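Spelled out from the first residue to the last, the chains are:
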Amino acid sequence: MDSPFSAYLDSCHSPSDAEIPLIKALIQEKVEAIGSIDKGIKDLEGSLALLKAQREVNKVFVQNHRAMIAPVKRLPPDILSTVFLACLPPVELTEATMTRNHPAVVISHVCRQWRCLAFDTPLLWSRIHLFLPWVNPQPYHHLYQETPVNDEEVAALFDSAVQRLYDMATVWLARSKGCPLSISMEASEGGAGLYILPHMRTVINLILKSLERLVDLLHGESQRWEQVKFRFAIDGSNPSKSQLSRLLFLTPQDVPILRKAVIVINTLRIIDHVDGQFPTHPNTALVPANHWDGIAMGTIHGQRLQSLTLACPKAATNLKVLQVNWHGLTELSLGPYKSDPGAKGGTQFTPDEALTLLRLCQNLKRCSLAFGDGSGPTDWDTSANPWVPPAAPTRVEPVQENRPVCRLPHLHSLLLREYKGSTDTLASALDLPSLRSFSQTRPWDDYPEEEERRSYRSPLLAWVQRFGHTITSIDFKHVGMPQRAVEQSLEELPNLISLTIRSPFSESGNGGWRASSCDSFLAKLTPEVIDSGGTVAVLPGCLCPKLEELDLNTSMESEVIHLVFSEASVLEFLVGRAKASRETVPEVSRVSKLRFAGVQFVDPKLMDLEQELFRRGFNLEEFVGEWNYPAPPMPPSYLLDQSYTVNMNSVADEF
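For clarity, every value in this text was computed on a predicted model and none was experimentally measured. (Residues numbered from 1 in each chain as written. Predicted model: local features only at pLDDT ≥ 70, side-chain atom pairs only at ≥ 80, totals over all residues. Heavy atoms only, no water.)

(A) Representation of the overall build of the protein in the model. Assigned secondary structure in the protein consists of 17 helices and 21 strands. Counting the 655 residues in the protein, one finds 43% classified as buried. Long-range pairs, those at least 24 residues apart, make up 77% of the contacts in the protein between residues at least 6 apart in sequence. With an accessible surface of roughly 35000 Å², the protein has 54% of that area assigned to carbon and sulfur atoms. (Helix = DSSP H or I, 4+ residues; strand = E, 2+ residues; numbered from the N terminus. Buried < 20%, exposed > 50% of the residue type's maximum accessible area, 1.4 Å probe, protein only. Contact = heavy atoms within 4.5 Å. Areas by Shrake-Rupley, 256 points an atom, 1.4 Å probe, with all protein chains shown as cover.)

(B) Local environment of a nonpolar patch on the surface. Taken together, the side chains of Val 72, Leu 75, Ile 79 and Val 83 define a hydrophobic patch exposed on the protein surface, amounting to about 280 Å² of accessible area. Within the element layout of this structure, Ile 79 appears in helix 2 (residues 77-86). By relative accessible area, Ile 79 is classed as partly exposed at 41%. (Patch = residues over 30% accessible without salt bridge, like charges linked within 9 Å, V, L, I, M, F, W, Y side chains within 5 Å. Salt bridge = Lys/Arg side-chain N within 4 Å of Asp/Glu carboxyl O.)

(C) Spotlight on the packing of aromatic side chains. In the structure shown here, the tally under the stated rule is 10 aromatic pairs. Ring centres of Phe 119 and Trp 125 lie 6.1 Å apart, and the angle between their planes is 50 degrees; this geometry places the pair in the tilted category. In this structure Phe 119 comes out as partly exposed when scored by relative accessible area, which is 24%. The exposure class assigned to Trp 125 is buried, which follows from its relative accessible area of 0%. Three or more aromatic residues joined by ring pairs form one cluster here, namely Phe 119, Trp 125 and Trp 172. The ring of Tyr 166 is capped by Arg 213, whose NZ or CZ atom sits 6.0 Å from the centre of that ring. (Phe/Tyr/Trp six-rings, centres within 6.5 Å; stacked < 30°, edge-to-face > 60°. Lys NZ or Arg CZ within 6 Å of the ring centre and 35° of its normal.)

(D) Focus on the state of the cysteines. One pass over the full model with this rule turns up 0 disulfides. We note that Cys 406 lacks a disulfide partner, and the nearest cysteine sulfur, in Cys 361, lies 8.6 Å from it. (Disulfide = S-S within 2.5 Å.)

(E) Looking closely at helix 15 (residues 567-580). With 14 residues, helix 15 should reach 20 Å at 1.5 Å per residue; the first-to-last C-alpha distance of 20 Å fits that figure. In terms of burial, helix 15 is largely enclosed, as 10 of its 14 residues are buried. Of the positions making up helix 15, those classed as buried are Glu 567, Ser 569, Val 570, Leu 571, Phe 573, Leu 574, Val 575, Gly 576, Arg 577 and Ala 580. (Expected span 1.5 Å × (residues − 1).)

(F) Examining the packing of helix 2 against helix 4 (residues 112-119) more closely. In the contact formed by helix 2 and helix 4, the axes pass within 10 Å of each other and the chain directions differ by 80 degrees. The pairing of helix 2 with helix 4 is recorded here as roughly perpendicular in orientation. Two secondary-structure elements touch here, helix 2 through Pro 77, Leu 80, Ser 81 and Phe 84 and helix 4 through Trp 114, Leu 117 and Ala 118. Considering only residue class, the contact of helix 2 with helix 4 consists of 6 nonpolar, 1 polar and no charged. (Axes fitted to C-alpha atoms, helices over the stretch in contact; angles between N-to-C directions. Parallel < 35°, antiparallel > 145°, perpendicular 65-115°, else oblique. Nonpolar A, V, L, I, M, F, W, Y, C, P; charged D, E, K, R; others polar.)

(G) Seen up close, the pairing of strand 16 (residues 498-501). Neither face of strand 16 is exposed, since Ser 498 and Thr 500 on one face and Leu 499 and Ile 501 on the opposite face are all buried. For the handedness criterion, the β-α-β arrangement of strand 15 (residues 473-478), helix 12 (residues 483-490) and strand 16 is classed as right-handed. With 4 bridges connecting them, strand 16 and strand 19 (residues 549-552) associate as parallel partners. Counterpart to Ser 498 in the pairing with strand 19 is Glu 549. (Right-handed = clockwise from strand over helix to strand, strands pointing away. Pairing = 2+ DSSP bridges.)

(H) Local environment of helix 2. Among all positions of helix 2, only Leu 80, Ser 81 and Phe 84 are buried. Projection of helix 2 onto a plane perpendicular to its axis shows the buried side chains occupying an angular sector of 100 degrees, all on one side. Looking at the buried positions of helix 2, the neighbouring elements they touch are helix 3 (103-107) and helix 4. (Arc of directions from axis to C-beta.)

(I) Summary view of the pairing of strand 15. For strand 14 (residues 437-442) and strand 15, the ladder comprises 6 bridges, and the chain directions are parallel. Bridged to Thr 441 within strand 15 is Lys 477. As paired elements, strand 15 and strand 16 share 4 bridges and run parallel to each other. Paired with Ser 473 across the two strands is Ser 498, which belongs to strand 16.

(J) Local environment of unusual backbone geometry. In this structure, Asp 10 takes a positive phi of about 55 degrees despite not being glycine. By the element assignment, Asp 10 lies in the segment before helix 1 (19-68). For Cys 544, which is not a glycine, the phi torsion comes out positive at approximately 55 degrees.

(K) Quick look at the confidence of the model for the protein. Per-chain confidence: the protein averages 78 in pLDDT, with 73% of residues scoring 70 or above. Model confidence for the protein, summarised as mean pLDDT per element, is weakest for helix 17 (residues 642-650) at 39 and strongest for strand 13 (residues 430-431) at 94. Scored below 50 in pLDDT, residues 556-560 shows 9 contacts in the model against residues more than four places distant or in partner chains. (pLDDT = per-residue confidence, 0-100.)

(L) Structural context of the pattern of salt bridges. If you walk through the whole model with that rule in mind, you get 16 salt bridges. Between Arg 246 and Asp 216 there is a salt bridge, with its nearest N and O atoms 2.5 Å apart. Separated by 30 residues along the polypeptide, Arg 246 in the loop between strand 4 (225-234) and strand 5 (260-267) and Asp 216 in helix 6 (residues 201-219) bring together distant segments of the chain. The residue Glu 548 makes a salt bridge to Arg 595 at a minimum N-O spacing of 3.6 Å. Of this pair, Glu 548 sits in the loop between strand 18 (535-538) and strand 19 while Arg 595 sits in the loop between helix 15 and strand 20 (596-600), and the two are 47 residues apart along the sequence. Taken together, the salt bridges that share partners define one network made up of Glu 548, Lys 593, Arg 595 and Glu 622.

(M) Geometry of the environment of Glu 418. With respect to the element layout, Glu 418 can be found in strand 12 (residues 413-418). Residues Glu 418 and Pro 351, spaced 67 residues apart in sequence, show a C-alpha to C-alpha distance of 9.9 Å.

(N) Looking closely at the side chain of Glu 418. Exposure remark for Glu 418: the relative accessible area of 2% places this residue in the buried category. A distance of 2.4 Å separates a polar atom in the side chain of Glu 418 from a polar atom in the side chain of Thr 423. (Polar contact = N/O pair within 3.5 Å; in protein donor to acceptor, adjacent residues only side chain to side chain.)

In structure tokens:
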């Protein structure tokens, strides 16, 4: 901006007495200009604020009127209630817990119309999820602490938690208006999870009284049970006082519409202290409670039962005692009752017993069986004892020879968990004409040496040789299985569509902490395409020509052993499959188009597979790829995060 004093600005010039009035006049002129500008800005801001307010009014007007013509407003009540039901999570998920965040509660708080419709939709309230807390045993660990534990206060806290569940369940049951119920419940009569501390007996007695109220509520609605999922830890030393057992020992008349039952039972064990400390030897640590003596679980004796899952003491699964309508079952899942080493009563499920049972279940469509004593890691929720080292699993005896073949004409899905021994002989005793999906887990094999691998016979081979012509989906985890044995099994599966491998080959185990590359395995699945003069041909010899889904989830949780695939071999496999599936390939040699591939890499990411596939002409529209890479190493830390300290301290305030 021009000024007669521009030459003197930002200098050491001292104005004369004659120049000072001129400078002041210039300053006053610009101050008045600033005031005029501020007034203009204020006027504009006022106009802008008025425009914004008018815009907001019109925006709300539009939103309100758009809401009036929203498609959801025009849905008839029956369709809208169906949408409400689609919002419900599966009953086994945490989101299904009966709280203010439950979808049914959220829906009922949207508007008056939705609230009325939600209350008039009984199925919206028919899933009862009860997860009872455990009493925190930490204050009981030290027998001689200065401040003794107030049993009545602990019991009162537990009782208040049970009362909240009771009140919520009462509301849910009332709103369900007599429709069939799906009930999921997890509870322990020991208070402290799967174990009983002797000096907690007072608290446990009070806990049982609190449980009685909740059990009475569910017991009174047993006529409406359609699906139940019970995971109980029961005190077998005093059956007369057990409250949770009352839900298992009903009569078929008490559960006339029960269609599906999942029952997982752990018998509580008494832990004695030695000199005020937790013992380390199993014989002094665990006093096994009395196991079930064969009392029949009448709850699963209903004639309409179609799906049954059991994982409980052997006495509770005695076929001579159980009067289950086996012929009516379409789904059956049985696992061994897990017993801690040193405790009596450990049981096992044998292939011969399985065959006897399967003969009774002629209408099965899906079946899952576990063999052995359950000493290995399982998904049956029979938690291992942290004070006792794991023992070797019990050997599983084979099926007796010359047994008549058992035919299951409708069985299409079979899952086997073999914790010791082999089920090879069971395969030869079964006739499964409809089998499509097969899964086998053997987590206890050792890694054979090179000489042993040459004569190794895959436990999977007997099954695929007998049923490979019908199997379209296979999922297996065989720790220590050589690569050649896997390839030999796949040769028996010409119609395989889905393949999942969850364990490394035996060659990986002999490589120490760093396994050798398994690219040669992918090469066996990669077709060799010859394109000469416009003629495209696929050479024979490719494994699984109908494969559409491949999942190589081979990470081992217990040890750092993997199948190691390079990005280059995965890329060549995908491109080779794509070339061999084109329509220009003769149909007689054409392979199926790959739709899904999942690989867990061991090395850090060096290549963008999606981008490279696109560059090489791979059609990604109908393909899904999941590439898992190792997380980058974390720098060493010598200080605890504050949140870690808070979490550790907060445990003492929880049940």
